[in-house]
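Here is how the chains run, residue by residue.
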Amino acid sequence: KLEETSPNEYQDNKFVCQRATPLKHHNTKFTDALEILERHAVYVDSTQRDSRALAFRRAACALKSYPKQITRIEEASKLSSVGNHSKKEILENGSSDEVQDILSSEFFKTMEVFSSIYGCGPATARKWYEKGYRSIADVHHAVSDGMKLTEQQTMGFKYHSDLVKPVPKEEAINIKDIVIKELSKIQPNCIVELVGGYRRGKLSGHDVDILITHQNNSKVEGLLHKLVERLEKLDLMVGRNPHFESKTLYLKSVKGIGEGSQRQGGHMDSLDHCFCMFQMGKSFENEKVEHSCMQTTGEADETGTSTGSSSSEQMAAVVRRVDLIVAPHKQFPFALLGWTGSKQFNRSLRDYAWKVLKVKLSNHGMWDHKHIPVRQVEATSEQEIFHELKLEYRDPHDRNA
Ligand code: 8DG
Ligand code: MN
Ligand code: MN
């Protein structure tokens, strides 16, 4: 449901976190165009993120939470975050020559392909482009000629065709259920939340983000290692090659997760987390997994072209990116807020907290720097965090900045 603020009441001279940004909004044709300009700006110069790209993103954000479709340029002119360049896009109805030119340029198209590879950021993509590579095949050739890839990129290439497929929400829930089931065998009574885009109401995502905690702090330490070990043993994870010691891409564990190490909110995120890849629907004996795979291949049945093969034969194994994060119970509301996103919403929240209240907010907690000495502010829920920050509470569905 779209917010019903009257455009007259609408103010964009506020922080993004001070207004609702729903998933569905009225200005998609403009925000789509602005997002292309933003991506292009990042591709051209990813060190300039703070200027051009951010200006387009701010403008897109303002339009996303604007309560009606912008029809006249004067309306956009009232929005202080919509700069001249973005205004031009609105004037040209979201299909300016500039956007069309970007979309059809070899540079942009190539950068989009390279950026779709897990582990390949804009700097790497540009490096490859500048070397003259124009396709995944070109990069493959370079690799056979000795070019080195990072571990993440190697996995990204290997499973590229799977990883570009969106993950439907039902499958994300199945993955969460598998995690709950396996966790219960290691450590009963864990609290598990599906976070990221799904929590904001998205029906599909590029990965599955799962946040875990336990009321008892002593049960949290080492939990992620045990879980990952178990999932690996069950052959649920894929690795670079069978000789690779750990199949997980990235497993970071922070020693001494007590509050002492997190004083004053210096680190953005040093929670235990594991960026991994799950192989779904292989031969895993879980009815729920089967069920989901049958659902995702369900088109065959609808069109009546089903070959009549058994459901297990129909199940093509698909590899999915999964982020597993474990937080101590005390930090859980902050981790929940942080890992729910969106990235832009979090950025705004932290910006607001620091600029307006001199409060440092991170995925671990918040610290009041107006108080000497700096004082940690506790909260037991997201609602309490918003309250402490003197903000109206925003439901996850309204955090789609
Ligand atoms: P999608 O996967 O549906 O495409 O979108 P998403 O779920 O919103 O994006 P995401 O990249 O999976 O990130 C989810 C949230 O997690 C995002 O708001 C930022 C937050 N986050 C942290 N720390 C880290 C981190 O170290 N890496 C990543 N990728 N995200 C992090 O708080
Ligand atoms: Mn995600
Ligand atoms: Mn993620």
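Now for a look at the structure at hand. Just so we're clear, the structure is a prediction, and the values are computed from it rather than from any experiment.

### Overview of the coordination of the manganese ion (ligand 2)
Protein coordination at the manganese ion (ligand 2) comes from Asp207 (OD) and Asp209 (OD), with a distance range of 2.1 Å. Here the manganese ion (ligand 2) and the manganese ion (ligand 3) are spaced 3.6 Å apart, and both take aspartate 207 as a donor. For aspartate 207, a relative accessible area of 7% corresponds to the buried category.

### Brief notes about the coordination of the manganese ion (ligand 3)
Only Asp207 (OD), Asp209 (OD) and Asp323 (OD) from the protein coordinate the manganese ion (ligand 3), and they sit 2.1 to 2.3 Å from it. Taken in chain order, the donor set of the manganese ion (ligand 3) reads D-x1-D-x113-D. For aspartate 209, a relative accessible area of 7% corresponds to the buried category.

### Focus: the site of ligand 1
Taken together, 18 residues sit near ligand 1, with Gly197, His206, Asp207, Lys343 and Asn363 positioned nearest. At 2.9 Å from an oxygen atom of ligand 1 is found a side-chain nitrogen or oxygen belonging to arginine 200. Here lysine 343 contributes a side-chain N or O atom positioned 2.8 Å from an oxygen atom of ligand 1. Protein contact buries 81% of the 610 Å² of open area that ligand 1 shows by itself. Residue assignment for the shell around ligand 1 shows that the elements contributing at least two residues are helix H17 (332-340) and helix H18 (343-357). Looking at the shell around ligand 1, its residues break down into three nonpolar, nine polar and six charged.

### Let's talk about the nonpolar core
Residues Leu63, Ile70, Phe114 and Trp128 are the most contacted members of the largest nonpolar core, which totals 37 residues. Counting residues per element, the ones that place at least two in this core are helix H1 (28-44), helix H2 (52-64), helix H5 (97-104), helix H6 (106-115), helix H7 (122-130) and helix H8 (136-144). When residues of this core are assigned to their parent elements, the largest contribution, eight residues, is made by H1. Those residues in contact with tryptophan 128, other than ones at most four positions away along the chain, are Phe114, Ile117, Cys120, Tyr133, Val139, Met147, Leu149, Gln153 and Phe157. Ranked by size, the runner-up nonpolar core spans 28 residues in total, among them Ala172, Val179, Leu231 and Phe278.

### A few points about the side chain of asparagine 363
One can find asparagine 363 in the loop between strand E8 (359-361) and strand E9 (366-368). Exposure remark for asparagine 363: the relative accessible area of 2% places this residue in the buried category. Polar side-chain contacts of asparagine 363 include one of 2.7 Å to the side chain of arginine 350.

### Description of the environment of serine 348
Among the structural elements, serine 348 can be located in helix H18. For serine 348 and glutamine 279, which are 69 residues apart along the polypeptide, the C-alpha to C-alpha distance reads 35 Å.

### Observations concerning the packing of aromatic side chains
Two numbers describe a pair of aromatic rings. These are the distance of the centres and the angle of the planes. Applying the stated rule across the entire model yields seven aromatic pairs. Summarising the aromatic geometry, the rings of phenylalanine 114 and tryptophan 128 are spaced 5.5 Å apart at their centres and angled 85° between planes, so their arrangement reads as edge-to-face. Remark: tryptophan 128 occurs in helix H7 and phenylalanine 114 occurs in helix H6; sequence separation between them is 14 residues. We classify phenylalanine 114 as buried; its relative accessible area is 0%. Centre to centre, the rings of tryptophan 128 and phenylalanine 157 are 5.9 Å apart; their planes meet at 45°, and the pair counts as tilted. Taken together, the residues span a long stretch of sequence, with tryptophan 128 in helix H7 and phenylalanine 157 in helix H9 (residues 151-158) at a distance of 29 residues. Take phenylalanine 157: its relative accessible area is 9%, and that puts it in the buried class. Taken together, Phe114, Trp128 and Phe157 form an aromatic cluster joined through their ring pairs. The ring centre of tryptophan 354 lies 4.9 Å from the NZ or CZ of lysine 358, which sits over that ring.

Criteria and cut-off values
Sequence positions are assigned chain by chain, starting from 1 and proceeding in written order. As a convention, the first chain written is A and the first ligand written is 1, with the rest following in written order. Totals for whole chains, interfaces and linings use every residue, but because this is a predicted model, local features are given only for residues with pLDDT of at least 70 and side-chain atom pairs only at 80 or more, for both listing and counting. With hydrogens and water excluded, all non-hydrogen atoms of the structure serve as input to the side-chain values. The donor set covers N, O and S atoms within 2.8 Å of the metal, switching to 3.2 Å for Na, K and Ca, and it leaves out water, so a site may look short of donors. Exposed residues in this analysis have more than 50% of their type's maximum accessible area, buried residues have under 20%, and partly exposed residues fall in between, with area computed by a 1.4 Å probe over protein chains only. Put simply, a residue is near a molecule or strand once any heavy atom of it comes within 4 Å of that molecule or strand. Whenever a nitrogen or oxygen atom comes within 3.5 Å of another N or O atom, the pair is scored as a polar contact, on the condition that within protein one atom can donate a hydrogen and the other can accept it, and that pairs from neighbouring residues in sequence are kept only if both atoms are in side chains. Here the open area of atoms and residues is found with the Shrake-Rupley method and a 1.4 Å probe, where only the protein chains shown may cover a residue. The helix count covers DSSP runs of H or I at least four residues long, the strand count covers runs of E at least two residues long, and both are numbered beginning at the N terminus. Put simply, Ala, Val, Leu, Ile, Met, Phe, Trp, Tyr, Cys and Pro go in the nonpolar bin, Asp, Glu, Lys and Arg in the charged bin, and everything else, Gly too, in the polar bin. Nonpolar cores are built from buried Ala, Val, Leu, Ile, Met, Phe, Trp, Tyr and Cys residues. Side-chain atoms within 4.5 Å join them into one set. A contact between two residues is defined here by any heavy atoms of the two lying within 4.5 Å. Two aromatic rings, drawn from Phe, Tyr or Trp (for Trp, its six-membered ring), form a pair once their centres lie within 6.5 Å of each other, and the interplanar angle then sorts them: stacked below 30 degrees, edge-to-face above 60, tilted otherwise. Geometrically, a charge over a ring is one whose NZ (Lys) or CZ (Arg) sits within 6 Å of the ring centre while staying within 35 degrees of the ring normal.

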